[in-house]
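# Survey of secondary and tertiary structure
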Amino acid sequence: MKLLRYGPIGEEKPALLDAEGRIRDLSGHLADIGTAVLSPDELSRLAGIDPASLPVVEGDPRLGMPVAGIGKFIAIGLNYVDHAEESNLPIPTEPVIFTKAITSLSGPNDPVTLPKGSVKSDWEVELGIVIGTRASYVEEARALDYVAGYCLVNDVSERGFQIERGGTWDKGKGCDTFGPVGPWLVTADEVGDPQNLDMWLDVNGVRMQTGNTRTMIFSCANIVSYVSQFMTLMPGDIITTGTPPGVGMGKKPQPIYLKAGDVMTLGIEKLGTQRQDVVAWTRG
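Residues numbered from 1 in each chain as written. Predicted model: local features only at pLDDT ≥ 70, side-chain atom pairs only at ≥ 80, totals over all residues. Heavy atoms only, no water.

## Quick look at the side chain of Glu12
Selection rule: Secondary structure elements follow DSSP: runs of H or I no shorter than four residues count as helices, runs of E no shorter than two count as strands, and numbering proceeds from the N terminus. Burial classes: relative accessible area under 20% of the type maximum marks a residue as buried, over 50% as exposed, and values in between as partly exposed (1.4 Å probe, protein chains only). Here a polar contact is taken to be a pair of N or O atoms separated by no more than 3.5 Å, where protein atoms must pair a possible hydrogen donor with a possible acceptor and residues adjacent in sequence count only if both atoms sit in side chains. Any pair of residues with heavy atoms lying within 4.5 Å of one another is described as a contacting pair.
As for its placement among the helices and strands, Glu12 is situated in the loop between β1 (2-6) and β2 (13-17). Relative accessible area serves as the criterion here: at 15%, Glu12 is assigned to the buried category. A polar contact of 3.0 Å, which involves the side chain of Glu12, links it to the backbone nitrogen of Gly10. Ignoring any residue separated from it by four or fewer positions in sequence, one finds Glu12 in contact with Arg5, Tyr6, Gly7, Arg62 and Gly64.

## Examining the sheet that holds strand β5 (residues 96-99)
Note the cut-off: Note on pairing: two strands pair once DSSP finds at least 2 bridges between them. Helix axes use the C-alpha atoms of the stretch in contact, all axes being lines fitted to C-alpha atoms, and the angles between their N-to-C directions lie in the range 0 to 180 degrees.
Here 9 strands make up an open sheet; going across it, the order is β3-β2-β1-β13-β10-β9-β16-β4-β5 and the pairing mixed. Looking at the sheet topology across the chains shown, the edges are occupied by β3 (23-25) and β5. On average, adjacent strands in this sheet sit at an angle of 30° to one another, irrespective of strand direction. Bridge analysis of strand β9 (residues 125-131) against strand β10 (residues 147-154) gives 7 bridges, and the strand direction is antiparallel. When the sheet's bridge partners are listed, Glu126 is paired in β10 with Val153. The strands touched by helix α5 (residues 220-227) within the sheet are β4 (73-77), β5, β9, β10 and β16 (238-240), with β9 carrying the most contacts at an inclination of about 55°.

## Quick notes on the pattern of salt bridges
Defined as follows: Any Lys or Arg side-chain nitrogen located within 4 Å of an Asp or Glu carboxyl oxygen qualifies as a salt bridge.
In total, this model carries 20 salt bridges according to the counting rule given. We note a salt bridge from Lys173 to Asp155, for which the minimum N-O separation is 3.0 Å. Within this pair, whereas Lys173 is found in the loop between α3 (159-164) and β12 (179-180), its partner Asp155 is found in the loop between β10 and β11 (157-158), the two being separated by 18 residues in sequence. Side by side, Lys173 and Asp155 carry an identical accessibility label, which is buried. Ionic pairing is found between Arg275 and Asp277, a salt bridge with its closest N-O pair at 2.9 Å. If you follow the salt bridges from partner to partner, you end up with Lys100, Asp122, Glu124, Asp155, Arg159 and Lys173 in one network.

## Observations regarding the pairing of strand β15 (residues 206-212)
Sheet topology note: the strand β14 (residues 198-203)/β15 ladder contains 6 bridges and is antiparallel. By the bridge assignment for β15, Trp200 is matched with Thr210. The turn joining β14 and β15, which pair antiparallel and follow one another in sequence, is formed by 2 residues; a positive phi near 55° is taken by Asn204.

## Some words on unusual backbone geometry
Residue Pro183 is bonded to the preceding Gly182 through a cis peptide linkage, with omega at 20°. Within the secondary structure, Pro183 is located in the loop between β12 and β13 (185-187). For the peptide bond that leads from Lys252 to Pro253, omega is 5°, which places it in the cis range. Looking at where Pro253 falls in the secondary structure, it is placed in the loop between β16 and β17 (263-268). Unlike most non-glycine residues, Tyr137 shows phi in positive territory, near 50°.

## Overview of the packing of aromatic side chains
Each aromatic ring pair is summarised here by two numbers: the centre-to-centre distance and the angle between the ring planes. Worth spelling out the cut-off: Under the pairing criterion, centres of Phe, Tyr and Trp rings, with the six-membered ring standing for Trp, must be within 6.5 Å; the plane angle then separates stacked pairs below 30 degrees from edge-to-face pairs above 60, leaving the rest tilted. Our definition puts a charge over a ring when NZ of Lys or CZ of Arg is within 6 Å of the ring centre and also within 35 degrees of the ring normal.
Scanning the model with the defined rule gives 2 aromatic pairs in all. With a centroid separation of 5.0 Å and an interplanar angle of 55°, the aromatic rings of Tyr226 and Phe230 are classed as tilted. Among the residues examined, Tyr226 registers a relative accessible area of 17% and is labelled buried. Its guanidinium or amino end placed over the ring of Trp184, Lys2 lies 5.6 Å from that ring's centre, counting from NZ or CZ.

## Let's talk about the sheet that holds β17
Judged by pairing direction, the sheet is mixed, and its 5 strands sit side by side in the order β7-β18-β17-β14-β15 without closing on themselves. Single-partner strands in this sheet number two, and they are β7 (112-113) and β15.

## Some details on the side chain of Asp18
Within the secondary structure, Asp18 sits in the loop between β2 and β3. Since its relative accessible area comes to 8%, Asp18 is described here as buried. Here the side chain of Asp18 touches Arg22 through a polar contact of 2.8 Å, landing on its backbone nitrogen. Beyond its immediate chain neighbours, meaning those up to four positions away, Asp18 contacts Arg24 and Pro51.

## Things to note about the nonpolar core
The condition is simple: Take the buried Ala, Val, Leu, Ile, Met, Phe, Trp, Tyr and Cys residues and link them wherever side-chain atoms come within 4.5 Å; each set so joined is a nonpolar core.
Counting residues in each nonpolar core, the largest one holds 51 residues, and the members touching the most others are Val224 and Ile239. Listed by contribution, the elements that provide at least two residues to this core are β1, β2, β4, β9, β10, β14, α5 and β17. It is α5 that provides the largest number of residues to this core, a total of 5 residues. Among residues more than four places away in sequence, those in contact with Val224 are Ile129, Ile131, Val138, Ala143, Val147, Leu233 and Ile239. Within the second largest apolar cluster, 24 residues are counted, among which are Ile33, Cys151, Val181 and Leu185.

Encoded structure:
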């Protein structure tokens, strides 16, 4: 299944995408796509609904975060060898963990706002893992049993804040609008092998990133197991798993960073596409 939420910010309704690409409203079956919906029993119940029995949503509504009530937004850094090399950082021997503030979360096509004082904001197309079942100290061999599905994430990053301002990476990762997620949550059964998905990102129509999840240093199963050793993962938690090479910071001979007026488009095989207009910060 492809589960989604549509409508104005704060007023999103639950829906699914049918085989013809039409949005079908799920409001008659659940109030929202929250964390409780991600359990195996609930996903099975929803899978039993005939999409043809659901109302079609007409037009082109705004898409919101595919899951409401997310508690943690965890990220893995330097998970592709080529990206570690372009960042001039050593290839990690264990997953690098940092967090993105949940206030950075936004819909897949909502604008991305450059934070006040930013001159080094950057893009990162990534595969997101959505946890479906409470996970603590899980074995790698069973780790994917705890996954409800997968989603597309743009791990937008302010490199000056991240690298040059001292302390951890988090301050360059958690700015408002720096976590577009969606358009859908695609359930694990429909995705199949998460380690063989093509991914790409363009800026202003120019291809910047091309990759495949098979080149991850640490697999999705390894990541879920590893992170669960340090914190309990709860339904709805998102782990975004790193980016392939081609980020702006790594461009030669000079880095390329986002500016107001730029447009990012990105996608992952089976998981859909995103489009974000980049806008300047204004006092709100």
